[in-house]
Amino acid sequence: MIKIANAPCSWGVLEFDLEEKSKQMGFEQVLNEIKETGYIGTELGDWGFMPTDPNQLRDEIQKRNLELLGAFVPVALANVNKHDEGVLMALKVAELMYKAGSKDAFIVLADDNGSVSERTQNAGRIQPKMGLSDDQWKDYAQGAEKIAKAVKDAFGIRTVFHHHCAGYVETPQEIEKLLSLTDPNLLGLCLDMGHYAFGGGDPVEALKLYSNRIWHVHFKDFSPEIAKSSRDVNGDYFDAIKRGVFCELGKGMIDFKAIVDLLHQLKYDDWIVVEQDILPCMGHPKVCAQSNRDYIKALGL
């Protein structure tokens with residue numbers, strides 16, 4: 001049975017080092033509002049946002065009858081000198097989830113998005129010349145596999161890779177390249193509908209193409225009109241986010257009905273995580289969360 005979750009990023013809890021980060025609301029409010037708006041699961045959010053003591057974390061999750069299903073771990077995989085640090089971070093996060101009783105949770109591995117100026121400035125309009133060299137691709141893939149293997153060996157926890165705008169794996173071609181270089185038994189794909197569209201692809205086609213590789217799904221909508229308004233002023237990734245490029249579900253271009261129908265055909269029976277990335281203190285997260293849940297219910301989930 002497909003289960004529906006939401007994530008702290010929908011409340012402005014982002015992995016980026018932003019000036020607004022100090023304005024993030026507390027984890028108690030985020031968890032309460034996730035529960036109150038009809039979701040049954042959550043991701044961890046930034047390290048330190050939720051309790052890092054496993055017993056306390058388990059208590060906070062369980063007393064709201066939620067499940068902890070994954071944690072986003074950004075690593076600068078193009079830099080081999082960051083791989084060991086990435087392994088340690090992923091193991092720390094995996095250990096917390098494991099000891100908190102969430103043994104089926106995922107490590108949601110991603111690039112250190114927003115840290116390379118060219119990729120951040122040109123999100124949604126990446127050209128091949130802005131990508132990695134063949135040698136860099138090998139290093140990148142080896143780093144991702146190294147992290148996934150370490151987590152699996154230590155805790156039996158699986159790793160999915162989250163393609164993401166403002167990182168080195170954004171476009172459909174870059175996603176295909178990474179998947180071709182990595183072990184399908186070791187590293188799955190977290191298909192994020194909004195990021196795939198923002199990166200220039202059709203998420204319905206991605207779902208068909210990578211159905212055997214997709215272990216985790218993020219529901220995020222994408223507004224091409226808002227993307228264009230940002231592009232017209234040479235806005236970067238964060239400008240697009242601030243303008244609301246990841247809009248409420250059903251208000252963008254993503255064909256979620258076709259996606260849900262296809263997920264049923266594929267007998268997908270895991271989590272769908274709603275993510276409506278916003279900057280801290282932007283918008284009305286609880287209102288949007290309720291609207292998004294109502295929209296998904298109208299699709300039969």
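Before reading on, note that the structure itself is shown above.
Here the structure is a predicted model, which means the values were calculated and not measured. (Residues numbered from 1 in each chain as written. Predicted model: local features only at pLDDT ≥ 70, side-chain atom pairs only at ≥ 80, totals over all residues. Heavy atoms only, no water.)

Asker: Which parts of the structure should I look at to understand helix α12 (residues 285–298)?
Answerer: Three or four residues apart is the spacing at which side chains of an α-helix point the same way, because the helix has 3.6 residues per turn. Taking 1.5 Å per residue, 14 residues should reach 20 Å; α12 reaches 20 Å between its end C-alpha atoms and fits that length. Among all positions in α12, only Pro285, Cys288, Ala289, Asn292, Arg293 and Ile296 are buried. When α12 is viewed along its axis, its buried side chains cluster within an angular range of 135° and face the same direction. Relative to its buried face, α12 has exposed residues pointing more than 90 degrees away, namely Val287 and Ala298. Its buried side turned inward, α12 meets β1 (3–6), β7 (214–219) and β8 (271–274). Among the residues trailing α12, Gly300 stands out with phi positive, at a value near 100°. (Helix = DSSP H or I, 4+ residues; strand = E, 2+ residues; numbered from the N terminus. Expected span 1.5 Å × (residues − 1). Buried < 20%, exposed > 50% of the residue type's maximum accessible area, 1.4 Å probe, protein only. Arc of directions from axis to C-beta. Contact = heavy atoms within 4.5 Å.)

Asker: When you look at the environment of Leu262 in this model, what are you seeing that I'm missing?
Answerer: Positionally, Leu262 belongs in helix α11 (residues 256–265). A C-alpha to C-alpha distance of 9.6 Å links Leu262 and Ser211, two positions 51 residues apart in sequence. Discounting chain neighbours no more than four positions away, the residues touching Leu262 are Val204, Leu207 and Lys208.

Asker: Hey, could you run me through the packing of helix α3 (residues 83–99) against helix α5 (residues 134–155) in this one?
Answerer: The geometry of a pair of packed helices is captured by two quantities: the angle between their axes and the separation between those axes. Contact geometry for α3 and α5: axes closest at 9 Å, N-to-C directions at 30°. When the axes of α3 and α5 are compared, the pair comes out roughly parallel. For α3 against α5, the interelement crossing comes out right-handed. Taken together, the residues of α5 that come into contact with α3 (itself represented by His83, Asp84, Gly86, Val87, Ala90, Leu91, Ala94, Glu95 and Tyr98) are Asp139, Gly143, Lys146, Ile147, Ala150, Val151, Ala154 and Phe155. When grouped by side-chain class, the residues that make up the contact of α3 with α5 number 10 nonpolar, three polar and four charged. (Axes fitted to C-alpha atoms, helices over the stretch in contact; angles between N-to-C directions. Parallel < 35°, antiparallel > 145°, perpendicular 65-115°, else oblique. Left-handed = near helix turned anticlockwise from the far one by under 90°. Nonpolar A, V, L, I, M, F, W, Y, C, P; charged D, E, K, R; others polar.)

Asker: It is not clear to me how the side chain of Asp192 should be interpreted in this structure. Could you clarify?
Answerer: With respect to the helices, strands and loops of the structure, Asp192 is situated in strand β6 (residues 187–192). Excluding anything up to four places from it in sequence, Asp192 contacts His162, His163, His218, Lys220 and Glu275.

Asker: Can you help me understand unusual backbone geometry in this one?
Answerer: Where the residue is not glycine, phi is negative for most of them; where a peptide bond is considered, it is trans in most cases. For Asn65, which is not glycine, the phi dihedral falls at a positive 55°. Relative to the helices and strands, Asn65 resides in the loop between α2 (54–62) and β3 (67–75). The backbone of Asn234 sits at a positive phi, close to 60°, despite the residue not being glycine. Along the chain, Asn234 falls in the loop between α9 (224–232) and α10 (237–243).

Asker: How do you make sense of the packing of α5 against helix α6 (residues 172–181) when you look at a structure like this?
Answerer: In contact at an axis separation of 9 Å, α5 and α6 are set at 60° when each is read in the N-to-C sense. By crossing handedness, the relation of α5 to α6 is classed as right-handed. Contact with α5, carried on its side by Asp134, Trp137, Tyr140, Ala141 and Glu145, involves Glu174, Lys177, Leu178 and Leu181 of α6 and no other residues of that element. For the contact of α5 with α6, the residue count by class is five nonpolar, no polar and four charged.

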